[in-house]
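Listed here are the chains, written in short residue letters.
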Amino acid sequence: MGDGNIILQKIRLVEGDITKLDVDAIVNAANKSLLGGGGVDGAIHRAAGPGLLAECRTLNGCETGDAKITRGYNLPARHVIHTVGPVYTGSQRDRDLLASCYRRALMVALENGCKTIAFPGISTGVYGYPKNEACKIAFDTVETFLHEHPGIDEVIFCQFGRQAQELYEKEMALRTKEEIPGEAGPR
Ligand code: ADP
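Residues numbered from 1 in each chain as written. Predicted model: local features only at pLDDT ≥ 70, side-chain atom pairs only at ≥ 80, totals over all residues. Heavy atoms only, no water.

### What about the state of the cysteines?
Link 1 in the chain: As enumerated under the stated definition, the model contains zero disulfides in all.
Link 2 in the chain: No disulfide involves Cys101; its nearest neighbouring cysteine sulfur is the one of Cys62, lying 8.0 Å away.
Link 3 in the chain: Free cysteine: Cys158, not disulfide-bonded; nearest cysteine sulfur from Cys135 at 13 Å. (Disulfide = S-S within 2.5 Å.)

### Things to note about the nonpolar core
Link 1 in the chain: Residues Ile81, Ile117, Phe119 and Phe157 are the most contacted members of the largest nonpolar core, which totals 36 residues.
Link 2 in the chain: Residue contacts for Ile81: discarding those within four places in its chain leaves Ala25, Ile26, Val27, Asn28, Ala67, Lys68, Ile69, Ala105, Val108, Ala109 and Ile117.
Link 3 in the chain: Counting residues in hydrophobic clusters, the runner-up holds 20 residues, among them Ile26, Cys56, Cys62 and Val80. (Core = buried A, V, L, I, M, F, W, Y, C linked by side-chain atoms within 4.5 Å. Buried < 20%, exposed > 50% of the residue type's maximum accessible area, 1.4 Å probe, protein only. Contact = heavy atoms within 4.5 Å.)

### Quick word on the site of the ligand
Link 1 in the chain: Around the ligand, a shell composed of 15 residues is seen, among which Asp17, Val40, Thr124, Gly125 and Val126 lie nearest.
Link 2 in the chain: Between the ligand and Val126 there is a distance of 2.9 Å, counted from an oxygen atom to a backbone nitrogen or oxygen.
Link 3 in the chain: Here the ligand loses 89% of its free accessible area of 560 Å² to cover by the protein chains.
Link 4 in the chain: The dominant element in the shell around the ligand, judged by the number of residues it contributes, is helix 2 (residues 39–48), at three residues.
Link 5 in the chain: When grouped by side-chain class, the residues that make up the shell around the ligand number seven nonpolar, six polar and two charged. (Near = heavy atom within 4 Å. Polar contact = N/O pair within 3.5 Å; in protein donor to acceptor, adjacent residues only side chain to side chain. Areas by Shrake-Rupley, 256 points an atom, 1.4 Å probe, with all protein chains shown as cover. Helix = DSSP H or I, 4+ residues; strand = E, 2+ residues; numbered from the N terminus. Nonpolar A, V, L, I, M, F, W, Y, C, P; charged D, E, K, R; others polar.)

### Re the pattern of salt bridges
Between side chains of opposite charge, a pair can form as their charged atoms come close.
Link 1 in the chain: A complete count under the given rule lists eleven salt bridges for this structure.
Link 2 in the chain: Its salt-bridge partner being Arg175, residue Asp140 comes within 2.8 Å of it at the nearest N-O pair. Of the two residues, Asp140 is situated in helix 5 (residues 131–148) and Arg175 in helix 6 (residues 162–176); the sequence distance between them amounts to 35 residues.
Link 3 in the chain: A relative accessible area of 16% means that Arg175 is categorised as buried. (Salt bridge = Lys/Arg side-chain N within 4 Å of Asp/Glu carboxyl O.)

### Section: the packing of aromatic side chains
Link 1 in the chain: Applying the stated rule across the entire model yields seven aromatic pairs.
Link 2 in the chain: Ring centres of Tyr102 and Phe157 lie 6.5 Å apart, and the angle between their planes is 75 degrees; on these two criteria the pair is classed as edge-to-face. In this pair, Tyr102 sits in helix 4 (residues 92–111) while Phe157 sits in strand 6 (residues 154–159), placing the two residues 55 residues apart along the sequence. Just as Tyr102 is buried, Phe157 falls in that class too.
Link 3 in the chain: Grouped by ring-pair contacts, the aromatic residues Tyr102, Phe119, Phe139, Phe157 and Tyr168 constitute a single cluster. (Phe/Tyr/Trp six-rings, centres within 6.5 Å; stacked < 30°, edge-to-face > 60°.)

Right, here's the structure in full:
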């Protein structure tokens, strides 16, 4: 399914630190315990302060592919949606679980009135998911969800580093150029 329009209207690419974003919810690439870790998880807990860990302790962890919401504490973001990505093995199941992370995070956002939501590259750090494959799954899943659920106003893909940002820019250009001639490039 290709509708470059909804991508141009509702998806935005940002390069930088997700903890700085002033949105209704940022997504955390957490682990099953929800009790903190390295990478983006560590950065989010550091920036949010100890209230976040205290609330996470009440959640009894999270299954791979699922998502749970907390408040944002000292973050500019109002909420954190914690999801647990798959550890990459190369199987079809990885794809299904990664897609499920994006879908479940968006569903939890909707259920909690969050209209703007920012995602990091779930599973693409320590969990080893190849960034190019993960990027396609992110676009496919979010695009489908946005078609089905008009309640989400904006999805930000937040990339840490120039190389990852360029990968997303190219993917976005590919997915929008056919529908909107002359507006193929990244904004
Ligand atoms: P996982 O265990 O799911 O692989 P990681 O935290 O190791 O999670 O990495 C997920 C992605 O988050 C990586 O692509 C990494 O570059 C990125 N990342 C790390 N810190 C930040 C941050 N502060 N803001 C946005 N993205 C980040």
